[in-house]
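Inside the fold
The residues making up each chain are set out below.
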Amino acid sequence: MLFTIQVNNKKIKAEKGETILSALNRNGVIIPTLCRMKDFTPTGACRMCVVEVEGRERLVTACSQPVEEWMKIKTHSPRVIQARKTIVELLLSNHPDDCLYCDRNLNCELQRLSEELNIRERRIRGRKIKPRLDQSSPAIVRELSKCILCGRCVRVCEEVITATSLDFINKGRATHVGAAMDRDFNFSSCIHCGQCVLVCPTGALHEKHNITEVQEYLNKPEIIKVIQYSPIVTAWIADELGMKYTREFDRILNSVLRRIGFDKVFTTGIGTDLCITEIAGQLSARMEQKSETPLYISVCPAWVKYAEQFIPSLIPQLSSVKSPQQITGVLVKTLVADQMGVKPEQIFSVSATPCMAMKFEARRDGMMRKGISDVDSVLTVRELARLIRLYGIDITNVENEPADEPLSGRSSAAVLAEVSGGMAEGVLRLLYFSKLRKEADKQYFKKMRSTGSFREATIELGDTEVKVAIVDGLTGLEKLRSALASGKKFDLVEVMTCPGGCVHGAGLSFNVSRDDIKSRAKLIYQIDDTEAINLPCKSPALLNLYDNLLKANPEIADKKIFFTHFEKRNVLL
Ligand code: SF4
Ligand code: SF4
Ligand code: FES
């Protein structure tokens, strides 16, 4: 039901049940917020969104207060502006003054609010919070002195990721956000998804940077510098650099990376195609053996860690095929090293990805051989964009170049794997083709592409039925559990930690909205629709790999190197 309220002496329409903030935003009135996150229940913790309501003695928080018919609201009265200003001044009073060196410099919500509220001097002097830097995690750095206690990270970790690795610790002035028992992050149940980093408004949480390490190696002439980038990183880099993505960009990035100093530029897509093919083989074998339990796709490293910590009984069902990043890493340190006539230790292998948990994955025990990592350094898209800026490359003035052989080609199924359900779709497309000798219409997999944290579909492959479940974000696990408890059987389960899949990876731009994620997924489906090679088994690069290159190299001929194992992990909580 719509009714009229007065805002800043103007009448606007409001809807029964909505918050003041929602009514204001719908009518083009912008007020600042800090602790609020769209689609989450408001907590009213920061009071940044206060407004004046006639007849109410105290200012009210617009993000949590429902709108009422009689309301006359002032959103920018002197009292309101002063209150917001004081809140920010108080936050700044004990905040470190190191914006210039901060990870979020020029991209910090506290900095932006301070600018918007025209704060030009330090009126309130508080005792600075003692710096406490936690660099123990392989993926995430915590700088507690920059935390403004908005609670966004705590909520995301609990409500979206369900890992509940963070909480408020202590009370009063001693309150801070930390992991269980206030221990360092490496002792916690954190699965390194980085979703807390994406929502943190300040530099209190950020990815562990590998840029300096990469730069060091770029300056070593005796080392061969190799980079792989996941298929659609090109689009996200364009986004980060403020450019409009066109397909041309896929080839421009190759020359940009060579200008930076990489000797070889590969796409992770070939690893994804190999991964899809091997998983399809595992699924087919399980179905032939009439396995009672589903095969769980294990390409999301955060999900794998979650399973190892919280559902160890599932470990035998996790596919042992390594992730696309690690498969490509293996190919770099074996096949490419061999072709170049160098030892694996002479290669520095970098991966550029939208995922933060892959920094952790590259360090896993099973991802090293004889003390040599298959992937030495992982850069998020944000870091790669920084590296490009650092090297002063004018991206509008760079030629098109192909990626390097033999790891340059891929099918569109490799791109599709970046959205939730895409990896499973690639596996089923491949099985459909191998059984029926024709390509399935993409509409066939429509049910797997719909929205929601849990989706199920039955895909017919001739006379065989494959029952598949897609867990799109870890909140969907609860629904999977209920479905299994009610007696439902699945053959294949895909689990992605970040809702939406890698298109919502924590290594991509900050301040991402649900609509951004949808449009990223749309772009991927468009690419899949417009490209001619939709199946890994039709990609000449993968065919060459299976038919010639693997067979010719004794180290990888039996393909054992593409598989790994998982183990139960003990965590504090
Ligand atoms: S990285 Fe993910 S699991 Fe770890 S604390 Fe952040 S949200 Fe929680
Ligand atoms: S670490 Fe960041 S998101 Fe978490 S409470 Fe502090 S400021 Fe907010
Ligand atoms: S944004 Fe409304 S109280 Fe924080």
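No experiment lies behind these values; they were computed from the predicted model shown.

The next subject is the overall build of the chain. The helix and strand tally for the chain stands at 19 helices and 20 strands. Computed over its C-alpha atoms, the radius of gyration of the chain comes to 25 Å, within 12% of the 25 Å expected for a compact globule of 573 residues. Dimensions along the principal axes, computed over C-alpha positions, put the chain at roughly 80 × 55 × 50 Å. Each of the 573 residues in the chain was classed as buried or not, and the buried ones make up 57%. A separation of at least 24 residues holds for 73% of the contacts in the chain among residues at least 6 apart in sequence. Surface summary for the chain: the accessible area is close to 25,100 Å², and the carbon and sulfur share equals 51%. Looking at charge distribution, the chain has the averaged site of its 80 positive side-chain charges lying 5 Å from that of its 70 negative ones.

Judged by pairing direction, the sheet is parallel, and its four strands sit side by side in the order β12-β11-β14-β17 without closing on themselves. Unpaired on one side and paired on the other, β12 (264-267) and β17 (377-380) mark the two borders of the sheet. Adjacent strand axes in the sheet meet at a mean angle of 25 degrees, parallel and antiparallel pairs treated alike. The sheet contact formed by strand β14 (residues 347-353) and β17 spans four bridges and is parallel. Among the inter-strand pairings, Ser351 is bridged to a residue of β17, identified as Val378.

Neighbouring ligand 1 are Ile140, Cys157, Ala163, Ser165, Leu166, Phe185, Cys190, Ile191, His192, Cys193, Gly194 and Cys196. For the shell around ligand 1, the class distribution of residues is nine nonpolar, three polar and no charged.

Turning our attention to the state of the cysteines. Joining two cysteines, a disulfide is a covalent bond between their sulfur atoms. This structure, assessed with the given rule, holds zero disulfides. Here Cys102 stays unpaired: no disulfide links it, and the sulfur of Cys108, its closest cysteine neighbor, is 6.2 Å away. On the basis of relative accessible area, Cys102 is assigned to the buried category, the value being 13%.

Turning our eyes to something else, we now look at the pairing of strand β2 (residues 10-15). Pairing of strand β1 (residues 2-7) with β2 involves six bridges; the strand directions are antiparallel. Paired with Thr4 across the bridge in β2 is Lys13. Connecting β1 to the antiparallel partner β2 that follows it, the hairpin turn spans two residues, and Asn8 within it adopts a positive phi of roughly 50 degrees.

Quick look at the pattern of salt bridges now. The full count for this structure, using the stated rule, is 43 salt bridges. For Arg382, the salt bridge goes to Glu207, with nearest N and O atoms at 3.0 Å. Placement of Arg382 in helix α13 (residues 381-390) and of Glu207 in strand β10 (residues 205-207) is noted, with a sequence separation of 175 residues between them. Under the relative-accessibility criterion, Arg382 is labelled buried at 8%. Judged by its relative accessible area of 2%, Glu207 is buried. Taking the shortest distance from any N to any O, the salt bridge between Lys322 and Asp374 comes out at 4.0 Å. Here Lys322 is found in the loop between α10 (301-310) and α11 (324-340), whereas its partner Asp374 is found in the loop between β16 (372-373) and β17, with 52 residues between them in sequence. Assigned by exposure class, Lys322 and Asp374 land together as buried. Through salt bridges with shared partners, a single ionic network connects Glu425, Arg429, Lys442, Arg449, Asp528 and Asp529.

Around ligand 2 there are 13 residues in total, and Cys147, Cys150, Gly151, Cys153 and Cys200 lie nearest to it. Per-class residue counts for the shell around ligand 2 are 10 nonpolar, two polar and one charged.

When the terminal C-alpha atoms of helix α2 (residues 78-93) are compared, their 22 Å separation across 16 residues agrees well with the 22 Å that a helix rising 1.5 Å per residue should span. The elements touched by buried residues of α2 are β3 (50-53), β5 (72-74) and α3 (109-116).

With that settled, the discussion passes to the domain arrangement of the chain. Interfaces are often sized by the amount of accessible area the parts lose when they come together. What the domain assignment reports for the chain is domain 1 (2-76), domain 2 (91-207) and domain 3 (212-562). For domain 1 versus domain 2, the separation of C-alpha centres amounts to 27 Å. The partner domain 2 presents 12 residues to the 11 residues of domain 1 that form the contact. Contact between domain 1 and domain 2 buries roughly 950 Å² in total, counting both sides, with carbon and sulfur atoms accounting for 71%. The largest contributions to the domain 1 side of the interface with domain 2 come from Leu34, Met37 and Phe40, which together make up 59% of the buried area. Remark: the boundary between domain 1 and domain 2 carries zero salt bridges. Partitioning the side of domain 1 that touches domain 2 into residue classes produces seven nonpolar, three polar and one charged.

Relative to the helices and strands, Asp273 is located in helix α9 (residues 269-288). When near neighbours in sequence (up to four residues on either side) are disregarded, Asp273 contacts Arg410, Ser411, Ala414, Pro536, Ser539 and Leu542.

A few words now on the packing of helix α8 (residues 248-260) against α13. In contact at an axis separation of 10 Å, α8 and α13 are set at 60 degrees when each is read in the N-to-C sense. Relative to α13, the crossing made by α8 is left-handed. For the pair formed by α8 and α13, the contact residues are Leu253, Val256, Leu257 and Ile260 on the first element and Leu384, Leu387 and Ile388 on the second.

Criteria and cut-off values
- Residues numbered from 1 in each chain as written.
- Chains lettered and ligands numbered in written order.
- Predicted model: local features only at pLDDT ≥ 70, side-chain atom pairs only at ≥ 80, totals over all residues.
- Heavy atoms only, no water.
- Helix = DSSP H or I, 4+ residues; strand = E, 2+ residues; numbered from the N terminus.
- Rg over C-alpha atoms; globule rule 2.2 N^0.38 Å.
- Buried < 20%, exposed > 50% of the residue type's maximum accessible area, 1.4 Å probe, protein only.
- Contact = heavy atoms within 4.5 Å.
- Areas by Shrake-Rupley, 256 points an atom, 1.4 Å probe, with all protein chains shown as cover.
- Lys, Arg positive; Asp, Glu negative; His and termini not counted.
- Charge placed at Lys NZ, Arg CZ, Asp CG, Glu CD.
- Pairing = 2+ DSSP bridges.
- Axes fitted to C-alpha atoms, helices over the stretch in contact; angles between N-to-C directions.
- Near = heavy atom within 4 Å.
- Nonpolar A, V, L, I, M, F, W, Y, C, P; charged D, E, K, R; others polar.
- Disulfide = S-S within 2.5 Å.
- Salt bridge = Lys/Arg side-chain N within 4 Å of Asp/Glu carboxyl O.
- Expected span 1.5 Å × (residues − 1).
- Domains from an automatic or database assignment.
- Buried area = accessible area lost by both parts, 1.4 Å probe.
- Left-handed = near helix turned anticlockwise from the far one by under 90°.

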